[in-house]
Structure formats: structure tokens, C-alpha cells
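Observations on chain architecture
In case you want the letters, here they are:
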Amino acid sequence: MKQSIFFSIILLMILGSCSKKVSIEEPAHDTEIPVPASVEKKPYTSTHIFEATLKNVEFYICNAFTSACPKTCGASGDYARFEVTGYQTFLVNGEGGREQLTTFSLHLSNYYKIDYESNYVKFIRNLKKGDRVKFYVDYVYDPTQPVVFTDMRVLGFEKK
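A brief report on the enclosed structure follows. (Residues numbered from 1 in each chain as written. Predicted model: local features only at pLDDT ≥ 70, side-chain atom pairs only at ≥ 80, totals over all residues. Heavy atoms only, no water.)

1. Describing the overall build of the chain
Note the cut-off: The helix and strand labels rest on DSSP assignments: H or I over at least four residues marks a helix, E over at least two residues marks a strand, and numbering proceeds from the N terminus. Burial here depends on accessible area, computed with a 1.4 Å probe over protein chains only, as a share of the maximum for the residue type. Under 20% is buried, over 50% is exposed, and the range in between is partly exposed. Between two residues, a contact is recorded if the distance between any of their heavy atoms is within 4.5 Å. For every accessible area listed, the method is Shrake-Rupley and the probe measures 1.4 Å; residues are considered covered only by the protein chains on display.
A count of helices and strands for the chain gives two helices and five strands. Taken from N to C terminus, the helices and strands of the chain fall in the order α-β-β-β-α-β-β. Within the chain, the proportion of its 160 residues that are buried is 34%. In the chain, 71% of the contacts between residues at least 6 apart in sequence involve partners at least 24 apart. As displayed, the chain offers around 9,700 Å² of accessible surface, 54% of which is attributable to carbon and sulfur atoms.

2. Let's talk about the side chain of His-107
Inclusion rule: In protein, a polar contact means a hydrogen-donor-capable atom and an acceptor-capable atom, both N or O and within 3.5 Å, with residues adjacent in sequence counting only if both atoms are side-chain atoms; elsewhere, any N or O pair within 3.5 Å suffices.
If you trace the backbone, His-107 turns up in strand 3 (residues 103-107). With a relative accessible area of 12%, His-107 lands in the buried category. Polar contacts involving the side chain of His-107 include one to the main-chain carbonyl oxygen of Ser-109, which spans 2.9 Å. With residues near it in sequence (within four places) discarded, His-107 still touches Gly-74, Ala-75, Ser-76, Gly-77, Asp-78, Tyr-79, Tyr-116 and Tyr-120.

3. Here's the deal with the sheet that holds strand 1 (residues 45-60)
Defined as follows: Strands were regarded as paired on the criterion that DSSP finds at least two bridges between them. To obtain each axis, a line is fitted to C-alpha atoms, and for helices this fit is confined to the stretch in contact; angles are then taken between N-to-C directions over 0 to 180 degrees.
One open sheet holds the five strands; their spatial order is 3-2-1-4-5, and the pairing between them is antiparallel. Because the sheet does not close on itself, it has two edges, and the strands there are strand 3 and strand 5 (150-159). Strand after strand, the sheet turns through a mean of 40° between neighbouring axes, direction not considered. Where strand 1 and strand 2 (residues 77-93) come together, 15 bridges link them in antiparallel fashion. Along strand 2, the bridge assignment pairs Tyr-60 with Gly-77.

4. Regarding the packing of aromatic side chains
To keep things clear, this is the line we draw: A pair of aromatic rings is counted whenever rings of Phe, Tyr or Trp (Trp by its six-membered ring) have centres within 6.5 Å, and the orientation is called stacked for planes under 30 degrees apart, edge-to-face for over 60 and tilted otherwise.
Scanning all chains against the criterion turns up twelve aromatic pairs. With centroids separated by 6.1 Å and ring planes inclined at 55°, the aromatic side chains of Phe-59 and Tyr-111 adopt a geometry described as tilted. Of the two residues, Phe-59 is situated in strand 1 and Tyr-111 in the loop between strand 3 and helix 2 (119-125); the sequence distance between them amounts to 52 residues. By relative accessible area, Phe-59 is classed as partly exposed at 31%. Using a relative accessible area of 23% as the deciding quantity, one classes Tyr-111 as partly exposed. For the ring pair Phe-82 and Phe-104, a centre distance of 6.5 Å and an interplane angle of 45° mean the geometry is tilted. Here Phe-104 lies in strand 3 and Phe-82 lies in strand 2, a separation of 22 residues in the sequence.

5. Looking at the nonpolar core
Across soluble globular proteins, you tend to see nonpolar side chains buried next to one another. Our working rule: Remark: nonpolar core denotes a set of buried residues (Ala, Val, Leu, Ile, Met, Phe, Trp, Tyr, Cys) joined through side-chain atoms within 4.5 Å.
In this structure, Phe-82, Phe-104, Leu-106, Ile-124 and Phe-135 are the most contacted members of the largest nonpolar core, which totals 21 residues. When near neighbours in sequence (up to four residues on either side) are disregarded, Phe-135 contacts His-48, Ile-49, Phe-50, Ala-52, Phe-82, Phe-104, Leu-106, Gly-156 and Phe-157. Core analysis: the second largest hydrophobic core is formed by six residues, Cys-62, Cys-73, Ala-75 and Tyr-79 among them.

6. Considering the pairing of strand 2
In regular strands, side chains alternate between the two faces of the sheet. In this sheet, strand 3 lies alongside strand 2 in antiparallel orientation, the contact comprising five bridges. Opposite Tyr-79, over in strand 3, you have His-107 as the bridge partner.

If you want it as C-alpha cells, here you go:
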């Protein structure tokens, strides 16, 4: 009995490691997303406004060993890795995103290196290593839903 519970827990952990929910609010199809006019506290949300430096863009292969990994699980692909250099605003009003970031990553493409059609992908592909960017990001954690995920939303960004 203990062994079947143990294996069930391990299986759930492996399946959960590939379930990454990230949404990007999509305004017009430009190369930049306009920055928010104002920042306010919102229920179950933390807002991060910070500057970061692009470290690199690298390909990551998911190795969670599920039947969908690494090709169709949604976690494999190119990632832009940033080092956070300073915060302008940090508002917390919920459970998600309670710590200030030291690093920040954005998913740019799938396993087959096909870029996602989000505005931030074109913007980041035009950056060079060492470029500075100011990000406006919300982390939404909604405990009123039956399944609770921390949902990252890129609200805006600008090159510094």
C-alpha cells in the first residue's frame, strides 16, 4: 500500500513538472508592448517592475520523462535568460510572486525552434547579449479557481 502511494506521488510530481502555465497579454502586433499607464494593487496579484540584462538565449530540453516530453510537453524550446539588476516597483497582494526576482526567463520557441507569435519574442530576438530591458510583469495567483497556477503576464517592456 505504501509503495503504491509513493509511486503515485512520484508520478504526479513528474507530470506536474511539465505543466507550465504562462500567458502573455497580447496587444497590437508591434515589436514593443506599451508600458502600463499606472500600477495598482490587484487581488491575488504581485506586480514587478524591474530592469534586467540579457545574459543569453539558450535551448532547453525538458527531461521530465513523460510521454509528452520533450517534444510536445510545452516546456522545451529557446529561453531568454535575464539577470535582474534593479527593482522600480514591487507590489504584493496575494500568494504568487512574493519574492523579488534575481533572474527572469521568457519562453521564445517550441521544441522545433518555431517562435511563438507573442510580441515579446520579436523584441527579444532583436536584443544583444548585455542589453538592458525594463519589464512590467504581473504574477496572478487565484485561489478561487479549482486548480491554482501562478500565471505570469508580461504587461510591457522597454529597452533601456
